[in-house]
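Structural overview for review
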2 protein chains.
Amino acid sequence: MFTVNANYQKLPGSYLFSTVAKKVAAYQKENPDADIIRLGIGDVTQPIAPAIISALHKAVDEMGNAETFHGYAPDLGYEFLREAIRKNDYEARGCDIAADEIFISDGAKSDSGNIQELFSEDNIVAVTDPVYPVYVDSNVMGGRLGTFDPKSEKWSELIYMPSVAENNFVPDFPEKTPDIIYLCIPNNPTGTSMTKDEVQGWVDYANRNGCVIIYDAAYEAYITEDNVPHSIYECDGARECAIEIRSFSKKAGFTGLRLGFTVVPKDLKQGGVSLRDMWARRHGTKFNGAPYIVQRAGEAVYSPEGSAQVSAQVASYMKNAHAIKDGLSDLGYNAYGGVNSPYIWLKTPNGMSSWDFFDFLLEKANIVGTPGSGFGPSGEGYFRLTAFGTYENSIRALERIKNL
Amino acid sequence: MFTVNANYQKLPGSYLFSTVAKKVAAYQKENPDADIIRLGIGDVTQPIAPAIISALHKAVDEMGNAETFHGYAPDLGYEFLREAIRKNDYEARGCDIAADEIFISDGAKSDSGNIQELFSEDNIVAVTDPVYPVYVDSNVMGGRLGTFDPKSEKWSELIYMPSVAENNFVPDFPEKTPDIIYLCIPNNPTGTSMTKDEVQGWVDYANRNGCVIIYDAAYEAYITEDNVPHSIYECDGARECAIEIRSFSKKAGFTGLRLGFTVVPKDLKQGGVSLRDMWARRHGTKFNGAPYIVQRAGEAVYSPEGSAQVSAQVASYMKNAHAIKDGLSDLGYNAYGGVNSPYIWLKTPNGMSSWDFFDFLLEKANIVGTPGSGFGPSGEGYFRLTAFGTYENSIRALERIKNL
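Attention here is on the structure that accompanies the text.

1. With respect to the overall build of chain A
Per the secondary structure count, chain A includes 13 helices and 17 strands. Radius of gyration (C-alpha) of chain A: 21 Å, near the 22 Å computed for a compact globule of 404 residues. Dimensions of chain A, computed from the C-alpha atoms along their principal axes, are close to 60 × 55 × 50 Å. For chain A, the residues scored as buried account for 65% of the 404 residues in total. Contacts spanning at least 24 positions in sequence make up 73% of the contacts within chain A whose residues lie at least 6 apart. When the accessible surface of chain A is summed, it comes to about 14100 Å², and 48% of that surface belongs to carbon and sulfur atoms.

2. Notes on the interface of chain A and chain B
Taken together, the contact between chain A and chain B spans 83 residues of the former and 83 residues of the latter. Of the roughly 6700 Å² buried between chain A and chain B on both sides combined, carbon and sulfur atoms contribute 58%. For the chain A face of the interface with chain B, the top three residues by lost area are Phe2, Tyr72 and Arg281 of chain A, together amounting to 13%. At the surface where chain A touches chain B, the tally comes to 2 salt bridges. Taking the shortest distance from any N to any O, the salt bridge between Arg281 of chain B and Asp137 of chain A comes out at 3.3 Å.

3. Things to note about the packing of aromatic side chains
Residue and element names in this part refer to chain A. With the rule as written, the count across this model stands at 52 aromatic pairs over all chains. Seen from their ring centres, Phe80 and Tyr292 are 6.2 Å apart, and the 90° between their planes marks the pair as edge-to-face. Separated by 212 residues along the polypeptide, Phe80 in helix α4 (residues 79-90) and Tyr292 in helix α10 (residues 292-301) bring together distant segments of the chain. In this structure, Phe80 and Tyr292 share a single accessibility class: buried. By way of ring pairs, the aromatic residues Tyr90, Tyr233, Phe248, Phe254, Phe261 and Tyr302 are connected into one cluster.

4. Looking at helix α3 (residues 50-63) of chain A
Taking 1.5 Å per residue, 14 residues should reach 20 Å; α3 of chain A reaches 20 Å between its end C-alpha atoms and fits that length. Among the 14 residues that make up α3 of chain A, 10 are buried, leaving the element largely enclosed by the rest of the structure. Of all the residues in α3 of chain A, the buried ones are Ala51, Ile52, Ile53, Ala55, Leu56, His57, Ala59, Val60, Glu62 and Met63 of chain A. For α3 of chain A, the secondary structure elements touched by its buried residues are α8 (249-252), α10 and α11 (304-330) of chain A together with α3 (50-63) and α10 (292-301) of chain B.

5. Side note on the relation of the copies chain A and chain B
When chain A is fitted to chain B, the best match, at an RMSD of 0.0 Å, comes from turning it 180° and sliding it 0.0 Å along the axis. Taken together, the rotation and translation describe the operation of a two-fold axis. Relative to the rotation axis, the C-alpha of His57 of chain A is the closest in chain A, positioned 3.1 Å from it. When the interface residues of chain A are mapped onto chain B, 100% of them are again interface residues, pointing to one common binding face.

Reading the values: rules and limits
Residues numbered from 1 in each chain as written. Chains lettered and ligands numbered in written order. Predicted model: local features only at pLDDT ≥ 70, side-chain atom pairs only at ≥ 80, totals over all residues. Heavy atoms only, no water. Helix = DSSP H or I, 4+ residues; strand = E, 2+ residues; numbered from the N terminus. Rg over C-alpha atoms; globule rule 2.2 N^0.38 Å. Buried < 20%, exposed > 50% of the residue type's maximum accessible area, 1.4 Å probe, protein only. Contact = heavy atoms within 4.5 Å. Areas by Shrake-Rupley, 256 points an atom, 1.4 Å probe, with all protein chains shown as cover. Buried area = accessible area lost by both parts, 1.4 Å probe. Salt bridge = Lys/Arg side-chain N within 4 Å of Asp/Glu carboxyl O. Phe/Tyr/Trp six-rings, centres within 6.5 Å; stacked < 30°, edge-to-face > 60°. Expected span 1.5 Å × (residues − 1). Least-squares fit on C-alpha atoms with pLDDT ≥ 70 in both.

Structural data, given as structure tokens:
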């Protein structure tokens, strides 16, 4: 008789954003006229840039012609895209990354969820707290996190590294040494970042202690400060200890197009085993590439026109971020992030719980945000707003909050 | 110190099609003028049909406009596509499948590789032999198959169910009862199929013994005989024991567009746990949907024009299949499949090994096929040719084989 993976049953409730979506859908159903402003899930709102649309149309036409049709993609992804990434995202920043260390995927969420498969079940995982839920949930499914205590809302085997206002959102090295460390910089959900020196400290820590760092740089396009690294490979020794995950979702509005990539350097080995070769084997066995037309769209992100257009989009989201953050601060809220990131992380007023504030904002101001506690226990009492709406809606949301 | 998933190291050599691709690339490099006919990997060659190209262009335009832009897709996939599938692939064949039991994905390979995650590590797996390598390799990575014996080329914990000429490619029920049974019908690689009564026998066996069937129907569009089921849900009791995986790759030439789906009925439960809910949780946690434009392309496959166009493509591939099979039979080869499938499975001549015949065909006739032994020990002495080339190349390949 077959039996199911018991680890799945350990997961409490459903995936954070699914819960938010259900709550909003229920509210909208009961209040069909409510004009809801969505600053919740972190989905972009601006259309795909013209240079990328042109590239998509061109690639679609190629697919309709026998001479230019493309079937199965190469295992790692098309050379034209991996080479554009190597050159623009790495060589241009002084990072020594080869095109065959870059694996094109259907997005950073898939890669973030799947990467834990490379490690044995008894590895100890550490996450900053709060954190993007996929790191935790995928490791629960992989059997690494022990059991969930509903009271503390903590996993018995997971190392939590609180990132809160009190430590300026830069976690201390944990007391117990982990094997796998997830770092998301600029951070989702807090919108805060680390300096290059601080990231270097983590790379040194990892190399000193035999840890691997899963570095999620999905938001690197939003970095505005010079001393924040765009890639962990800007740090010495990162090729020996770090895997980097990147996304086109936030950089170029690809949330509905699905494209990302993961870098696994050849120098990352354990017991003589190359993690790059393991990831290549996983790609070859359980994945069949991102669509050709989407890989061409990704290439267009690096063209002179595409690059200028997506930079303008990022700048306009950052204009929203500044407006929201400054507006909230003016209203007396403690607001963080928003400088190198499209996320604003605020302290809920009057000690409200995160979910109470979610319901309050939804019902009283018709604004959807994301409850901080959904990202981990240290997120309790915080709330995330995104800058991915329109400028007009960002200002309207502020007005509504002002009138609460 | 982190440690790696030791199961990966158990995998011998690399993924079959990667090995084939490397051998062909090496040969082409040494013989740059060789006019190689590729009947190996099973990739389609005809361009995407006009009705689907139009749908893609329209969807691309939507993505370039703020009013019609689509970001993150719904967790299960867009309703328009799931509803088209429900109606055309299931209701039209008398199968009771709801739209919320259908999960849109980036292809059958991903789903075939990921589905094993739902089951505990100690489940016993059975596969027909030969078999699509993804079922086996993904279960090796999941730790279910024990150790590999290079001599027998068998996994210690895997149940092999030989499907060979001697049993007309319909395997017997295994001596030891498995927990998970993979069936691919019409079969890859043998190109053979089972009748509805035979599939019903497997459904009854599964329900009697508490097994789950992973039913891969990626080639259902190629079925020409009335008594071969297009879906396992045509059989009584399948909702209680079967998961079905489908692909647009072979049906509509989507190998480079990436679209598939998996059906997990709500009646499939174990110990009160719904496998449909588990798969929904996996989708929500480790996947972010197929691209909107590709889901629109999938919808167009079911439009009157799209449907007629993809049917014509399938028919033309089947014309190749018949030509190759009949031609080989005329030349004295024992050839199978090719009736409900684009694959022809032939006995190698003079007792040659599968890889020897691969090298022989590549070097003497510049034809690429796939060695049967790459699909499992019972594939030794067989060889797979695909009908996905052009008709002209299929005939040219036959001529070359005739002149060997």
